[in-house]
Amino acid sequence: MSIEVLLVDEDVDVLEIVGTFLGQEDGFEITTEADPEAALDLATDGGFDAVVSDYKMPRLDGIELCAALRENGVDIPFLLFTAREHDDVADAATENGVTAVVQKGTGTEQYGVLADRIRNTI
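Report on the accompanying structure. (Residues numbered from 1 in each chain as written. Predicted model: local features only at pLDDT ≥ 70, side-chain atom pairs only at ≥ 80, totals over all residues. Heavy atoms only, no water.)

**Digging into the overall build of the chain**
Argument step 1. Check the secondary structure of the chain and you find five helices and five strands.
Argument step 2. Along the chain, from the amino end to the carboxyl end, the secondary structure elements read β-α-β-α-β-α-β-α-β-α.
Argument step 3. The C-alpha atoms of the chain give a radius of gyration of 13 Å, which matches the 14 Å a tight globule of 122 residues would have.
Argument step 4. Sequence separation of 24 or more characterises 64% of the internal contacts of the chain that already satisfy a separation of 6 or more.
Argument step 5. Carbon and sulfur atoms make up 44% of the accessible area of the chain, which totals about 6,200 Å².
Argument step 6. Charged side chains in the chain number 7 positive and 27 negative. The centres of these two groups are separated by 4 Å. (Helix = DSSP H or I, 4+ residues; strand = E, 2+ residues; numbered from the N terminus. Rg over C-alpha atoms; globule rule 2.2 N^0.38 Å. Contact = heavy atoms within 4.5 Å. Areas by Shrake-Rupley, 256 points an atom, 1.4 Å probe, with all protein chains shown as cover. Lys, Arg positive; Asp, Glu negative; His and termini not counted. Charge placed at Lys NZ, Arg CZ, Asp CG, Glu CD.)

What follows is the structure in structure tokens.
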């Protein structure tokens, strides 16, 4: 059984790197989207087991994207993958239905941590 993940980040380079590393994890199928508004439509249409989103994006940030999904009745795990300090976003994330906040870092171990968090929330 594969885990269908929608990965959202306005930075196409970040999408490619994170998508590549997550795609190497056992059982993960990754769909990437650079436009958060298009991601909202994709996730609302269904077919995904989880959404992983950057926080800081133009027009619609990660927390707003999660809130919009929840308003549309989409109740799949939503993980915020951000360089922001956890304490800076934790309260707003929780209030808007974010399942988990995962810290972006340097090195490749962050992708294993992200994959584990996705598995644990599904």
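That shown, we press on.
**Section: the packing of helix 2 (residues 36-45) against helix 3 (residues 62-71)**
Argument step 1. Packing of helix 2 against helix 3 leaves a shortest axis separation of 10 Å and a crossing angle of 30°. Comparing their axes, helix 3 and helix 2 come out roughly parallel. The hand of the helix 2/helix 3 crossing is right-handed. On the side of helix 2, the interface is formed by P36, L40, A43 and T44, while helix 3 contributes L65, A68 and L69.
Argument step 2. Grouping the amino acids of the contact of helix 2 with helix 3 by side-chain chemistry returns six nonpolar, one polar and no charged. (Axes fitted to C-alpha atoms, helices over the stretch in contact; angles between N-to-C directions. Parallel < 35°, antiparallel > 145°, perpendicular 65-115°, else oblique. Left-handed = near helix turned anticlockwise from the far one by under 90°. Nonpolar A, V, L, I, M, F, W, Y, C, P; charged D, E, K, R; others polar.)

**With respect to the environment of A43**
Argument step 1. Examined against the element boundaries, A43 turns out to sit in helix 2.
Argument step 2. On the basis of relative accessible area, A43 is assigned to the buried category, the value being 4%.
Argument step 3. Through-space distance from the C-alpha of A43 to that of N72 is 9.7 Å; in sequence the pair is 29 residues apart.
Argument step 4. Sequence-distant contacts of A43, defined by excluding residues within four places in its chain, comprise L6, F48, V51, L69 and V74. (Buried < 20%, exposed > 50% of the residue type's maximum accessible area, 1.4 Å probe, protein only.)

**Focus on the side chain of E33**
Argument step 1. By secondary structure assignment, the location of E33 is in strand 2 (residues 28-33).
Argument step 2. No salt bridge is formed by the buried E33; its nearest oppositely charged neighbour, R59, is found at 7.7 Å.
Argument step 3. Within the local environment of E33, its side chain forms a polar contact with the backbone nitrogen of D35, the two atoms lying 2.9 Å apart.
Argument step 4. Excluding anything up to four places from it in sequence, E33 contacts L6, L7, V8, D9, L15, A38, A39 and L42. (Salt bridge = Lys/Arg side-chain N within 4 Å of Asp/Glu carboxyl O. Polar contact = N/O pair within 3.5 Å; in protein donor to acceptor, adjacent residues only side chain to side chain.)

**A short note on the nonpolar core**
Most often, soluble globular proteins have nonpolar side chains that are buried together.
Argument step 1. Counting residues in each nonpolar core, the largest one holds 23 residues, and the members touching the most others are V51, L69, F78 and L80.
Argument step 2. Mapped onto this core, the elements with two or more residues apiece are strand 1 (3-8), helix 2, helix 3, strand 4 (78-82) and helix 4 (86-95).
Argument step 3. With five residues, the single largest contributor to this core is helix 3.
Argument step 4. Among all residues touching V51, those that are not within four sequence positions of it are L6, V8, A43, L69, I76, P77, F78 and L79.
Argument step 5. Judged by nonpolar contacts, the second largest core, of 17 residues, contains L15, V52, L114 and A115. (Core = buried A, V, L, I, M, F, W, Y, C linked by side-chain atoms within 4.5 Å.)

**Describing helix 4**
Argument step 1. Among all positions of helix 4, only V89, A90 and A93 are buried. Across the axial projection of helix 4, the buried residues extend over an arc of 125°, all falling on one side. Helix 4 presents D87, D88, D91 and E95 as exposed residues on the side facing more than 90 degrees away from its buried surface.
Argument step 2. The inward-facing, buried residues of helix 4 abut helix 3, strand 4 and strand 5 (100-103).
Argument step 3. Backbone geometry just after helix 4 places G97 at a positive phi near 90°. (Arc of directions from axis to C-beta.)

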